[in-house]
Amino acid sequence: MSIKDKCAIVGMGCTKFGERYDTSFEDLIVEAAYEAFEDAKIESKDLDAGWIGFTSSSRTGESMARPLKLHNIAVTHVENACASGMEAIRNACHAVACGEYKMVIALGAEKLKDSGLAGLPQPGGMHYIHPAMFTQFNAPANYALAATRYFYRYGIEPRKGKETLAKITVKNHFNGARAPKAHLRNEVTVEQVMAAPIIAYPLGLFDCCPTTDGAAAAIITTVENAKKMRNDYILVRSFGLSIGEGMAAVDTDYDWTHWEETIRASQKAYASIGVKDPRTEISLAEVHDCFSISELIVYEGLGFSEAGKASEDVDAGTFALTGRQPVNPDGGLKAFGHPVGASGVRKVFECYKQLQGKVDDPRRQIKNPKLALAHSQGGQPGAFECVVCITGLPA
Amino acid sequence: MIGIKSYGAYIPLHRLAQADIAKAYDRGGGVGELAVANFDEDTVTMGVEASVDCLKGMERSIVDTLFFATTSPPYREKQSAAIIAQALDLKRQLVANDLCDSLRSGNMALNLATGLVASGKSKNALVVASEVRKGFPGSEYERVLGDAAGALLVGDTDVIASLEAYYCIADEITDVWRMEGDPFVKSWEDRFVFTQGYNRNIKEAIVGLMKKQGLQQKDISKIVFYAPDARNHQAMAKGLGFDPKTQVQDGMFGTVGNTGAAATIFMMVAALESAKPGDMILLAGYGDGADAFLFKVTPEIEKCRGHRGVKGHINSKKALTSYNKMLRVREISPVEMARRPVEVASAPMMLRDRDMVSTMKGVKCKVCGRVQFPKQRVCYHCRTKDQFELYRLSDKTATVFTFCVDHLAATIDPPVIKAIVDFEGGGRTLVTIADRDVENVKIGTTVEMAFRRIHDAMGFRNYIWKSRLVRG
């Protein structure tokens, strides 16, 4: 038994991402859900269950039942940090695949700009981060630790390393400038990126994704049902989930230069549908680029680049829109923005539109994609919550 | 034989140039510098540092008494000695007490310690004196007060300096004071302070002791005594007939400053560092009276070397970049922190985890031998449950595995260096590198652990072990 090809996405919606000061958390949920309803040509009363992913914006399944008036159906809040949105989709698919529910919604949303904080609110209550042990646990700092070690391990002079990272940022901004719903829509140059203020050395401002408001939604049903609903439904082909146990700062064997969870999750997803060579078989990927170094190491984790060689592929333009294997065609977290719980669903949204050939700006439409990979990793190095979701066109 | 068995000291890394103070108030000149505790240091953390130095190479469990002397404890109500004992991993059967309200607290602690040992109630009594006093911005006190700590272990075996005599007087005078809630030292006009308080009292104690013991000036190898500043120190030495060049312990007014209640213990450490067997050391303190000790240095002194002490800290220094920086690290000028989540604290968690947080004890798996910090229930390597022994890491050195410089951290003095460090002998942790030194932290750099304040949250102070570049 596996989840393989048992579920289909028949409708999706995504809000404009950005600093939505005029918009509430509930507004974002309504906006994303109703766009998905319209796309799937259903109404909210057609749903028999729902999953919502977010980290800090609200609580419980009621957070979606209330704004959408879901009238006492099953709704669950799932939380796996930055992978929360993708977890909503994964859990929804498992429920549909086993036959418990027929038509469900998986939605991710986050409202960050109401907090007044630079960065993210403290996650997970006082038992996640010991109040006297690991305060000031900033996300950029954690990834910066990995960047320093990655440069050292592969003998990359830090300035050269920063240049490689800058190229990733430049690519994502280029793509984001071609995504109408993206948060940041300006192109940038390597020089600009290199000259930006340092946030957590070696990472500068442009190595970090913004804090963003947004939501995205998917309507998921059985393949049988999907066939009756539309011709261009998208198949959910496989998932992989791997959760790190947080030992990066404990275990002296952890090298800080590879993402073990990403390797495990993607291998599971590849194995269940027989992907042997992800470099040629995966047409495009939406990956977790909360920081530029994250995307660099993700290339290696997903098997797109050999360990230690990702910078060569970056230099070759492999992951650009026009490259051999486009990554983050919509701009990724860097340019599209990162409303934590929404991002996983947004990544699947881009895969869905790309596979359908219906990307909102044709300049970033990839020709004839077959398999699209969405990747989310929450947490920090050594303690990732990593989900990989592969979608594809029906055979 | 009762006396001092070991010594240790601590001087903060940062020094404020007198010239910078002068410049801040549109004056020229300014000679020398003052030691300034960093924003994450207080008398408790500095006391821990001096104690670690003093107890170097010893079993910590021998200490049965701990006296902490200061006029600037972090808490008005709550014992600092208990925090220091926890950080040092001292045993639970411990007599611990604070002496916190007199400039002579250091000497009083030493007197009590020798008394307890003499009475047989203590075998090894640790005297820790530490001070972070503040003067009003622009005041004379601001120009003389410095921060440091000293520690002396008192016992009746292996004594390096035996106690020969003690003389003490009590005196009531309102010369220098701080009332409840006063952040800055206050005093009456200086002629009154010097003539009616300091001069009269300390002279009486020193002369009193010498007379009692039938001593002449030439019988004293070194006199160690408190003074409010360099000028008074010099004048007192001359007035008493001692040769300032050969017989008087340097007060370090131009390098460290007047260290208040810690001054006598701190200066005594410096005197012991260069003492020879047979030396007679007279140690005198002032504050609400005065007292004087007479110590005789024993041949054991030669075994008591290799402590970092005063010598090991005094040239290990870094200039504060400005007077303004001093105002910030001493929290005299308000600082707007980065907008980060509100920091929380939990007294029950601190109680439950004090071995881990305050003593920096991790665990070592009895099955596979892996050292793990923070403590775990299930071994990350072999998955064995609850088969661990406690393992102290605070006294281990470590090597930087990777690091970053975090400009977003909510701290009084950003940026913060965070690092993953691997301990000598096993174990790894994520630490803050205190006394940030961006140029000198690299992968492979050796660090040692330093007990520091992490934050004041929910109305109380939390401490943690950070790392820092090796001093000395």
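**Some points on the overall build of chain A**
Looking only at helices and strands, chain A features 13 helices and 11 strands. Taken against the 2.2 N^0.38 rule, which gives 21 Å for 395 residues, the C-alpha radius of gyration of chain A at 19 Å falls within 12% of a compact globule. Considering only C-alpha atoms, chain A reaches an extent of 55 × 45 × 40 Å along its principal axes. Here chain A, with 395 residues, has 64% of them falling under the buried criterion. Taking the contacts inside chain A whose residues are at least 6 apart along the sequence as the reference set, 77% of them involve residues at least 24 apart. The positive charge centre, built from 42 side chains, and the negative charge centre, built from 47, are 4 Å apart in chain A.

**Notes on the overall build of chain B**
Along chain B, the regular secondary structure elements total 12 helices and 22 strands. Against the 2.2 N^0.38 benchmark of 23 Å for 472 residues, chain B shows a C-alpha radius of gyration of 22 Å, consistent with a compact globule. Here the C-alpha coordinates of chain B stretch approximately 70 × 55 × 40 Å along the principal axes. The buried share of chain B, taken over its 472 residues, is 59%. The contacts of chain B with a sequence gap of at least 6 include a subset with a gap of at least 24, amounting to 70%. When the accessible surface of chain B is summed, it comes to about 18700 Å², and 52% of that surface belongs to carbon and sulfur atoms.

**So, the packing of helix α4 (residues 139–153) of chain A against helix α10 (residues 292–301) of chain A**
All names here are of chain A. Running from N to C, α4 and α10 point in directions that differ by 60 degrees, and their axes come no closer than 9 Å. In terms of orientation, α4 lies oblique with respect to α10. Between α4 and α10 the crossing geometry is left-handed. When α4 is examined against α10, the residues Tyr143, Ala147 and Tyr150 are found in contact with a partner set consisting of Ile293, Ser294, Leu296, Ile297 and Glu300. Looking at the contact of α4 with α10 residue by residue, the class counts come to 6 nonpolar, 1 polar and 1 charged.

**Notes on the pairing of strand β3 (residues 74–78) of chain A**
For a regular strand, side-chain orientation follows a simple rule: the groups alternate between the two sheet faces. Residue and element names in this part refer to chain A. As paired strands, strand β2 (residues 49–53) and β3 are joined by 5 bridges and run parallel to one another. What sits directly across from Gly50, in β3, is Val75. Assessed by its sense of winding, the connection that carries the chain from β2 through helix α2 (residues 62–68) to β3 is right-handed.

**Overview of the packing of aromatic side chains**
As enumerated under the stated definition, the model contains 19 aromatic pairs over all chains in all. Relative to Trp259 of chain A, the ring of Tyr143 of chain A has its centre 5.8 Å away and its plane inclined at 85 degrees; by these criteria the two rings are edge-to-face. In this pair, Tyr143 of chain A is assigned in helix α4 and Trp259 of chain A in the loop between β8 (234–243) and α8 (260–273), connecting sequence segments 116 residues apart. Consider the rings of Tyr198 of chain B and Tyr226 of chain B, whose centres lie 6.2 Å apart with planes at 70 degrees: the pair is edge-to-face. With Tyr198 of chain B in helix α6 (residues 190–213) and Tyr226 of chain B in the loop between β11 (222–225) and α7 (230–239), this residue pair connects regions lying 28 residues apart in the sequence. Residue classification places Tyr226 of chain B among the buried positions, given a relative accessible area of 4%. By way of ring pairs, the aromatic residues Tyr143, Trp259, Phe291 and Phe384 of chain A are connected into one cluster. We note Arg178 of chain A situated over the ring of Phe174 of chain A; from NZ or CZ to the ring centre the distance is 3.6 Å.

**Section: the confidence of the model for chain B**
Chain-level statistics for chain B give a pLDDT mean of 96 and a share of 100% at 70 or above. Per the prediction output, this complex has pTM 0.94; the corresponding ipTM is 0.91.

**Side note on the interface of chain B and chain A**
Across the contact, 45 residues belong to chain B and 40 residues belong to chain A. Carbon and sulfur atoms supply 63% of the area buried between chain B and chain A, which totals about 3800 Å² over both sides. The tally of links between chain B and chain A comes to 2 salt bridges. For Arg370 of chain B, the salt bridge is made with Asp253 of chain A, and the minimal N-O distance between the two is 3.1 Å. Summed over the shared surface of chain B and chain A, the number is 12 residue pairs in polar contact (both at pLDDT 80 or more). When contributions to the side of chain B that touches chain A are tallied by element, the ones reaching two or more residues are α11 (347–352), α12 (354–357), β16 (371–372), β18 (397–406), β19 (416–423), β20 (428–433), β21 (446–457) and β22 (460–469) of chain B. No other element matches β18 of chain B, which puts 6 residues into the side of chain B that touches chain A. In terms of residue class, the side of chain B that touches chain A is built from 25 nonpolar, 10 polar and 10 charged. Both strand β5 (residues 198–201) of chain A and β18 of chain B contribute to a ladder of 2 bridges, which runs antiparallel. Looking at the pairing, Tyr201 of chain A lines up with Val405 of chain B of β18 of chain B.

**Considerations on the sheet that holds strand β14 (residues 318–319) of chain B**
Residue and element names in this part refer to chain B. Strand order in the open sheet made by the 3 strands is β3-β2-β14, with mixed pairing throughout. This sheet does not close on itself; its edge strands, each paired only once, are β3 (33–36) and β14. Here 4 bridges tie strand β2 (residues 14–17) to β3, and the two strands are oriented antiparallel to one another. By the bridge assignment for β3, Leu16 is matched with Leu34.

**Quick word on the packing of helix α5 (residues 158–176) of chain A against α10 of chain A**
Any two packed helices are characterised by how steeply their axes cross, that is the angle between the axes, and by the distance between the axes. Residue and element names in this part refer to chain A. One can describe the packing of α5 onto α10 by two numbers: an axis separation of 9 Å at closest approach and a directional angle of 95 degrees. By the angle between their directions, the pair α5 and α10 is classed as roughly perpendicular. The segment α5 lies against α10, with Thr164, Leu165, Ile168, Thr169, Lys171 and Asn172 engaging Ser292, Ile293, Glu295, Leu296 and Tyr299.

**Brief notes about unusual backbone geometry**
Tyr201 of chain A connects to Pro202 of chain A through a cis peptide bond whose omega is 10 degrees. Within the secondary structure, Pro202 of chain A is located in the loop between β5 and β6 (203–204). Of note, Asp386 of chain B is a non-glycine position whose phi angle comes to about 60 degrees, a positive value. Structurally, the position occupied by Asp386 of chain B is in the loop between β16 and β17 (388–392). Residue Asp386 of chain B is classed as partly exposed on the basis of its relative accessible area of 31%.

**So, empty space enclosed by the protein**
Residues and elements named next belong to chain B. For the structure shown, the criterion picks out 5 cavities of 30 Å³ or more. Considered as a void within the structure, the largest cavity measures approximately 90 Å³ in volume. Mapped onto the lining of the largest cavity, the elements with two or more residues apiece are α5 (140–144) and α6. Among the elements that make up the lining of the largest cavity, the one with the highest residue count is α6 (3 residues). Its residues placed into classes, the lining of the largest cavity shows 10 nonpolar, 1 polar and 2 charged.

**Here's the deal with the nonpolar core**
Grouped together as the largest cluster of nonpolar side chains are 73 residues, with contacts concentrated most on Leu272 and Leu282 of chain B. At 9 residues, helix α8 (residues 263–273) of chain B tops the list of elements feeding residues into this core. In this structure Leu272 of chain B touches Ile4, Tyr7, Leu152, Ile160, Ala161, Ile281, Ile301 and Arg305 of chain B, once residues within four positions along its chain are discounted. Membership of the second largest hydrophobic core comes to 53 residues, among which are Ile156, Ala269, Phe319 and Ile390 of chain A.

**Quick notes on the side chain of Ser51 of chain B**
Here Ser51 of chain B shows up in helix α2 (residues 43–54). Beyond its immediate chain neighbours, meaning those up to four positions away, Ser51 of chain B contacts Ile84, Leu88, Leu126, Val128 and Ala151 of chain B.

The rules behind each value
- Within every chain, residues take consecutive numbers counted from 1 along the sequence as written.
- To label them, take the chains in the order written and letter them from A, then take the ligands in the order written and number them from 1.
- The model is predicted, so local features are restricted to residues of pLDDT at least 70 and side-chain atom pairs to those at 80 or more, both for listing and for counting; the totals for chains, interfaces and linings are taken over all residues.
- Values shown for side chains rest on all heavy atoms present in the structure; no hydrogens or waters enter the calculation.
- Helix and strand definitions follow DSSP, with helices as H or I runs of at least four residues and strands as E runs of at least two, each counted in order from the N terminus.
- To get the radius of gyration, use the C-alpha atoms; to get the globule rule, take the number of residues to the power 0.38 and multiply by 2.2 Å.
- Exposure is judged per residue with a 1.4 Å probe applied to protein chains only, and the accessible area is read against the type maximum: over 50% gives exposed, under 20% gives buried, and values in between give partly exposed.
- The contact criterion used throughout is that any non-hydrogen atoms of two residues lie within 4.5 Å.
- Neither His nor the chain ends is counted toward charge; the positive residues are Lys and Arg and the negative residues Asp and Glu.
- Where a charge lies is defined by one atom per residue type, namely NZ (Lys), CZ (Arg), CG (Asp) and CD (Glu).
- In short, Shrake-Rupley with a 1.4 Å probe defines the accessible areas, and a residue's cover is counted only from the protein chains shown.
- Here the axes come from fitting lines to C-alpha atoms, over the contacting stretch only for helices, and the angles between their N-to-C directions go from 0 to 180 degrees.
- Each angle is binned into one of four classes, with values under 35 degrees roughly parallel, values over 145 roughly antiparallel, values of 65 to 115 roughly perpendicular, and all other values oblique.
- By definition, turning the near helix anticlockwise from the far helix through less than a right angle yields a left-handed crossing, and turning it clockwise yields a right-handed one.
- Only Asp, Glu, Lys and Arg are considered charged in this grouping, and only Ala, Val, Leu, Ile, Met, Phe, Trp, Tyr, Cys and Pro are considered nonpolar; every other residue, Gly among them, is considered polar.
- Two strands make a pair as long as DSSP finds a minimum of two bridges between them.
- Throughout, right-handed denotes a crossover for which the path from the first strand over the helix to the second runs clockwise when the strands point away from the viewer.
- Pairing of aromatic side chains here covers Phe, Tyr and the six-membered ring of Trp, requires ring centres within 6.5 Å, and sorts the geometry by plane angle: under 30 degrees stacked, over 60 edge-to-face, intermediate tilted.
- Here, over-ring charges are defined by two tests on the NZ atom of lysine or the CZ atom of arginine: distance to the ring centre within 6 Å, and angle to the ring normal within 35 degrees.
- A score between 0 and 100, pLDDT records how confident the predictor is in each residue.
- Here's the idea: put two parts together, see how much 1.4 Å probe accessible area each one loses, and the total over both is what we call buried area.
- Only one rule defines a salt bridge in this text: a Lys or Arg side-chain nitrogen within 4 Å of an Asp or Glu carboxyl oxygen.
- We define a polar contact as two N or O atoms separated by no more than 3.5 Å, with the added condition that, inside protein, one atom must be a possible hydrogen donor and the other a possible acceptor, whereas residues neighbouring each other in sequence contribute only through side-chain atom pairs.
- Site definitions follow a grid-based scheme: protein atoms alone, a 1 Å grid, a 1.4 Å probe that fits but cannot get out for cavities, and for pockets an open set with protein on both sides within 12 Å along at least five of seven lines, plus lining residues having an atom within 4 Å of a point.
- Grid points are joined across faces, edges and corners, and a volume is the space filled by probe spheres set on the points.
- By convention a nonpolar core is built from buried Ala, Val, Leu, Ile, Met, Phe, Trp, Tyr and Cys residues, the set being connected through side-chain atoms within 4.5 Å.

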